[in-house]
Amino acid sequence: MENSTLPFYFNLTMFMNIGHYCYLAFVFCLMIYGFIVFANVAMICIIVHERTLHEPMYIFIAFLSVNSLYGSTGFFPRFLMDLLSDTHLISRPACLTQIYVIYTYAFHELTILSIMAYDRYVAVCHPLHYHRKMTYKTVYILTFFALVCPACYLTVTIYMDVRLPLCGNIIQKVYCASWNIIKLSCVTTVVNSIVAMLGAIAIAFVPFAFILYTYLRIVIACWKKSSEVRGKVLQSCLPHVISFVIYSITSFSDTALSRQNLDKINPFVAVFLSLEFIVIPPVLNPLVYGLKLPEIRRHIVKMSDI
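Cut-offs used in this document
- Residues numbered from 1 in each chain as written.
- Predicted model: local features only at pLDDT ≥ 70, side-chain atom pairs only at ≥ 80, totals over all residues.
- Heavy atoms only, no water.
- Helix = DSSP H or I, 4+ residues; strand = E, 2+ residues; numbered from the N terminus.
- Rg over C-alpha atoms; globule rule 2.2 N^0.38 Å.
- Buried < 20%, exposed > 50% of the residue type's maximum accessible area, 1.4 Å probe, protein only.
- Contact = heavy atoms within 4.5 Å.
- Areas by Shrake-Rupley, 256 points an atom, 1.4 Å probe, with all protein chains shown as cover.
- Pairing = 2+ DSSP bridges.
- Axes fitted to C-alpha atoms, helices over the stretch in contact; angles between N-to-C directions.
- Parallel < 35°, antiparallel > 145°, perpendicular 65-115°, else oblique.
- Left-handed = near helix turned anticlockwise from the far one by under 90°.
- Nonpolar A, V, L, I, M, F, W, Y, C, P; charged D, E, K, R; others polar.
- Expected span 1.5 Å × (residues − 1).
- Salt bridge = Lys/Arg side-chain N within 4 Å of Asp/Glu carboxyl O.
- 1 Å grid on protein atoms, 1.4 Å probe; cavity = no way out; pocket = protein on both sides within 12 Å on 5 of 7 lines; lining within 4 Å.
- Points joined across faces, edges and corners; volume = space filled by probe spheres on them.

Colleague: Sorry if this is basic, but what is going on with the overall build of the protein chain here?
Modeller: The number of helices and strands found in the protein chain is 10 helices and three strands. Helices and strands appear in the protein chain in the N-to-C order β-α-α-β-α-α-α-β-α-α-α-α-α. Over its C-alpha atoms the protein chain spans a radius of gyration of 21 Å, differing by no more than 12% from the 19 Å that the globule rule assigns to 306 residues. Expressed as lengths along the three principal axes of its C-alpha atoms, the size of the protein chain is roughly 65 × 45 × 35 Å. For the protein chain, with 306 residues in total, the buried portion stands at 47%. Across the protein chain, every contact between residues at least 6 apart in sequence was considered, and the portion connecting residues at least 24 apart equals 81%. Working note: accessible area of the protein chain is about 16,100 Å², and carbon and sulfur atoms make up 71% of it.

Colleague: Where do I start with the sheet that holds strand β1 (residues 9-12) in this structure?
Modeller: Pairing between the strands of a sheet comes from backbone hydrogen bonds, and it takes one of two forms, parallel or antiparallel. Pairing within the open sheet is mixed, and its three strands lie in the order β2-β1-β3. Strands with a single pairing partner mark the edges of an open sheet, and in this sheet they are β2 (89-91) and β3 (170-171). Relative to β3, β1 runs parallel, the two being bridged by two bridges. From the neighbouring strand, Leu12 faces β3, where its bridge partner is Ile171. In this fold helix α3 (residues 92-125) packs onto β1, β2 and β3, with an angle of close to 85° to the strand it touches most, β2.

Colleague: Would you mind going over the packing of helix α1 (residues 21-49) against helix α2 (residues 56-83) with me for this structure?
Modeller: Any two packed helices are characterised by the angle at which their axes cross and by the distance between the axes. The contact between α1 and α2 brings their axes to 9 Å, and the two run at 160°. By the criterion of interaxial angle, the relationship of α1 to α2 is roughly antiparallel. In terms of crossing hand, the pair formed by α1 and α2 is left-handed. Of the residues in the contact of α1 with α2, the class split is 24 nonpolar, five polar and no charged.

Colleague: Would you take a moment to explain α3 for this structure?
Modeller: Three- or four-residue spacings in an α-helix give side chains the same orientation, since the helix completes a turn every 3.6 residues. Taking 1.5 Å of rise per residue, 34 residues should cover 50 Å, and α3 covers 49 Å from first to last C-alpha, within 8% of that figure. Counting buried positions over the 34 residues of α3 gives 27, a clear majority of the element.

Colleague: Where do I start with the pattern of salt bridges in this structure?
Modeller: A side chain of one charge can pair with a side chain of the opposite charge if their charged atoms are brought near each other. Evaluation of the coordinates by the stated rule reveals three salt bridges. Across the pair Arg78 and Asp82 runs a salt bridge whose closest N-O atoms are separated by 3.0 Å. With Arg78 and Asp82 both in helix α2 and four residues apart, the pair spans about one turn of that helix. Overall, Arg78 belongs to the partly exposed group, its relative accessible area being 21%. The class of Asp82 is buried, set by a relative accessible area of 3%. Here Arg298 makes a salt bridge to Glu295, at a shortest N to O gap of 2.8 Å. Here the residue Arg298 and the residue Glu295 both occupy positions in helix α10 (residues 294-305), the gap between them amounting to three residues, near one helical turn.

Colleague: What exactly am I supposed to notice about the layout of surface pockets here?
Modeller: In this structure, the second largest pocket encloses a volume near 770 Å³. Taken together, 29 residues make up the lining of the second largest pocket; nearest its centre are Ile18, Ala25, Phe79, Leu83 and Val271. If you list the elements that add at least two residues to the lining of the second largest pocket, you get α1, α2 and α9 (267-292). Here the residues of the lining of the second largest pocket sort into 22 nonpolar, four polar and three charged.

Colleague: Is there a simple way to think about helix α5 (residues 136-162) in this case?
Modeller: With 27 residues, α5 should cover 39 Å at 1.5 Å per step; its first-to-last C-alpha distance of 39 Å lies within 8% of that length. Within the sequence span of α5, burial applies to Val139, Thr143, Ala146, Pro150, Ala151, Tyr153, Leu154, Thr157, Ile158, Met160 and Asp161.

Structure below.
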């Protein structure tokens, strides 16, 4: 172990000097954050206020909006300050907290999408048993495990990151990430890698595979039914499919980017790809569900007419 330290500050080096354009970037990002807060709070308020929307599918959509607010709040305030700052140092506790918030948000997004897929599977493939299987108790039990399992995994990950002796403080990102801290370690990180791999299998690949399986079953169930039935199923399932595709593409971009040599990638492209999974789902999810689901759209129109 050579020159190992526990730096109190990390330096986020992906921020570029764009001169006075930083104010324009600040206003643009502030508008995005404002829209995320407004759209997701509106979605939550509509679902909570309207008793006709107190159904499992809409409750899960509300949880998805809460998670979007959680993840965005863990990223944007610090990011907006850094845009106007000449230095981009973040304290070790703040960095580890940001890692925890951003990556619990990311895993929660996937686990919530997986229980939403299960809800659609039961509704389409077992419609006569839907209300018996998808009770309020079932909804809250599924949500509990969807939130607690990723939180426990990230707690273990953060604990192992805290114990690592580090040989530097440079993080090539605009926010803190666990993999970047592991790369700074002065010692072998085999144990961390094994834990990360097992966690990824349990928290990411299993829900991902489950979502694909449920929609395969839905497609098979609808294959021989009338076009009217297929249209109704498509109407209720399409927003979830769009959300899942958006999440898959954006999270894959960040995962693939973290394994690349960022010195060989255009910095603007690298920043954009690293921010996709934090920014795009919270922006698009309220639009997708608000515009595609007739019940929510009807209440949005009613609110806009007031």
